[in-house]
Amino acid sequence: MPSILRDIAFVHTYYYTDPACPWSWALEPALRKLSYELAGSLSVTYVMCGMARQFGDPLPIVAEMLEAADRSGMPVDARLWLSAPPRSSHPACLAVKAVSEQGDPGPYLRRVREGLMCRRRKLDSTDALPEEARAVPGIDLDKLRHAFGSHAIVDAFGDDLDRAAAVPVEHHAPGTGRVKLPSLEFVGLDGEVHGVYGPSDYASLAAAAIAAGAQPASAAGVPPAVEVALRTFGPMATAEVAAVCDLPGPRAPAELWRMATEWRVRPDRFGSGELWTVA
């Protein structure tokens, strides 16, 4: 979730995820809509779940990427995973924990997701991961390089792994010993947990957040203009524009391509779809 979330929050959210999780990438349209509709009510802690200490045969994750893309409309380019797949998701998890020492790691996590899911970037090393932070405003690269892999960051990642394992077993992914990915737990002032476990949709997330005490933002129900959304969130897939700007069916692609002919937005093609930015 981006930095649109305000400092005052009523509901704390634990987001169980991994930078290399295809279903977390597929959830981005719903999460971005949630952060717009409930801005000011949520604070987010990203729990890195270490999806793979060592990736083996890449075909299962490629199959998941394609299935997640088909269901969500999010762009994927699986060629990285077929030619030179990342060795592990743990370095990316450590990098997100290192960035969190400087503030909200959400924008950096998003950039790493884009790299792994559609930009064909092999983000699994102490060289590649800090370099990716150059595209994210506000990150001190020297501090990040110093923190990345430090004992404190390794311990923080270990705490995340423990938290993912401590979720009630009925919400675990089979054979993993940890919670399904992606999962979100919304905790209100009364301490009650309202969880949504595994791939889900906006309606389920919003219902759980509101049950925990989240309140719609003043802008809720009034979708932003496309250019406003792009300036708020940065690069957006067509499916994200459709969700956040309430442009269902063919309306989002039609509006985006119309704006592109006017040089107001720019599409960058990645595999099965586009990421759009303000021109």
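Residues numbered from 1 in each chain as written. Predicted model: local features only at pLDDT ≥ 70, side-chain atom pairs only at ≥ 80, totals over all residues. Heavy atoms only, no water.

### Here we look at the pattern of salt bridges
Then, number 1: A complete count under the given rule lists 21 salt bridges for this structure.
Then, number 2: Asp160 is the partner of Lys97 in a salt bridge, and the nearest nitrogen-oxygen pair spans 2.9 Å. Here Lys97, found in helix H5 (residues 90-100), pairs with Asp160, found in helix H9 (residues 151-166); they are 63 residues apart in sequence, far enough to count as distant. With respect to burial, Lys97 and Asp160 carry one shared label: buried.
Then, number 3: Note that Arg134 is salt-bridged to Glu131, the shortest N-O span being 2.7 Å.
Then, number 4: Residue classification places Glu131 among the partly exposed positions, given a relative accessible area of 37%.
Then, number 5: When salt bridges with common partners are traced through the structure, they connect Glu28, Arg32, Arg110, Glu114, Arg119 and Glu240 into a single cluster. (Salt bridge = Lys/Arg side-chain N within 4 Å of Asp/Glu carboxyl O. Helix = DSSP H or I, 4+ residues; strand = E, 2+ residues; numbered from the N terminus. Buried < 20%, exposed > 50% of the residue type's maximum accessible area, 1.4 Å probe, protein only.)

### Comments concerning the side chain of His172
Then, number 1: Relative to the elements of secondary structure, His172 occurs in the loop between H9 and strand E3 (183-187).
Then, number 2: Relative accessible area serves as the criterion here: at 15%, His172 is assigned to the buried category.
Then, number 3: One polar contact links the side chain of His172 to the main-chain carbonyl oxygen of Ala165, over a distance of 3.3 Å.
Then, number 4: A polar atom in the side chain of His172 sits 2.7 Å from the backbone oxygen of Val167. (Polar contact = N/O pair within 3.5 Å; in protein donor to acceptor, adjacent residues only side chain to side chain.)

### So, the sheet that holds strand E5 (residues 236-237)
Then, number 1: Pairing is antiparallel in the open sheet, where three strands are placed in the order E5-E7-E6. If you trace the sheet from one side to the other, it starts and ends with E5 and strand E6 (265-270), each paired once.
Then, number 2: The sheet contact formed by E5 and strand E7 (residues 273-278) spans two bridges and is antiparallel. Bridge pairing in E7 places Ala237 opposite Leu275.
Then, number 3: Here helix H11 (residues 226-233) sits on the sheet and contacts E5, E6 and E7; the angle it forms with E7, its principal contact strand, is near 90°. (Pairing = 2+ DSSP bridges. Contact = heavy atoms within 4.5 Å. Axes fitted to C-alpha atoms, helices over the stretch in contact; angles between N-to-C directions.)

### Some points on the packing of aromatic side chains
Then, number 1: Under the defined criterion, the tally for this structure stands at three aromatic pairs.
Then, number 2: Consider the rings of Tyr15 and Tyr46, whose centres lie 6.0 Å apart with planes at 55°: the pair is tilted. Taken as a pair, Tyr15 in strand E1 (residues 11-17) and Tyr46 in strand E2 (residues 42-48) lie far apart in primary sequence, 31 residues in all. By the burial criterion, Tyr15 is buried, and Tyr46 matches it.
Then, number 3: With 5.1 Å between their ring centres and 85° between their planes, Phe55 and Trp81 make a pair best called edge-to-face. Linking Phe55 in the loop between E2 and helix H3 (59-72) with Trp81 in helix H4 (residues 79-83), this pair joins segments that are 26 residues apart in sequence. There is no split in this pair, since Phe55 and Trp81 are both buried.
Then, number 4: Over the ring of Tyr14 we find Arg163, and its NZ or CZ is 3.7 Å from the ring centre. (Phe/Tyr/Trp six-rings, centres within 6.5 Å; stacked < 30°, edge-to-face > 60°. Lys NZ or Arg CZ within 6 Å of the ring centre and 35° of its normal.)

### Things to note about the side chain of Asp77
Then, number 1: Tracing the sequence through the fold places Asp77 in the loop between H3 and H4.
Then, number 2: A polar contact of 2.7 Å, which involves the side chain of Asp77, links it to the side chain of Arg79.
Then, number 3: Asp77 has contacts with Met65, Met117, Cys118, Arg120, Phe270 and Gly271, leaving out every residue within four places of it along the chain.

### Notes on the nonpolar core
Within soluble globular proteins, side chains that are nonpolar generally end up buried alongside one another.
Then, number 1: In this structure, Leu42, Trp81, Tyr108, Leu129, Phe186 and Leu205 are the most contacted members of the largest nonpolar core, which totals 60 residues.
Then, number 2: Sorting elements by how many residues they give to this core places H5 first, with seven residues.
Then, number 3: Not counting the four nearest positions on each side in its chain, Leu129 is found in contact with Pro91, Ala92, Ala95, Tyr108, Val112, Leu123, Asp124 and Phe148.
Then, number 4: Counting residues in each nonpolar core, the second largest holds 17 residues, with Tyr36, Leu230, Val244 and Leu247 among its members. (Core = buried A, V, L, I, M, F, W, Y, C linked by side-chain atoms within 4.5 Å.)

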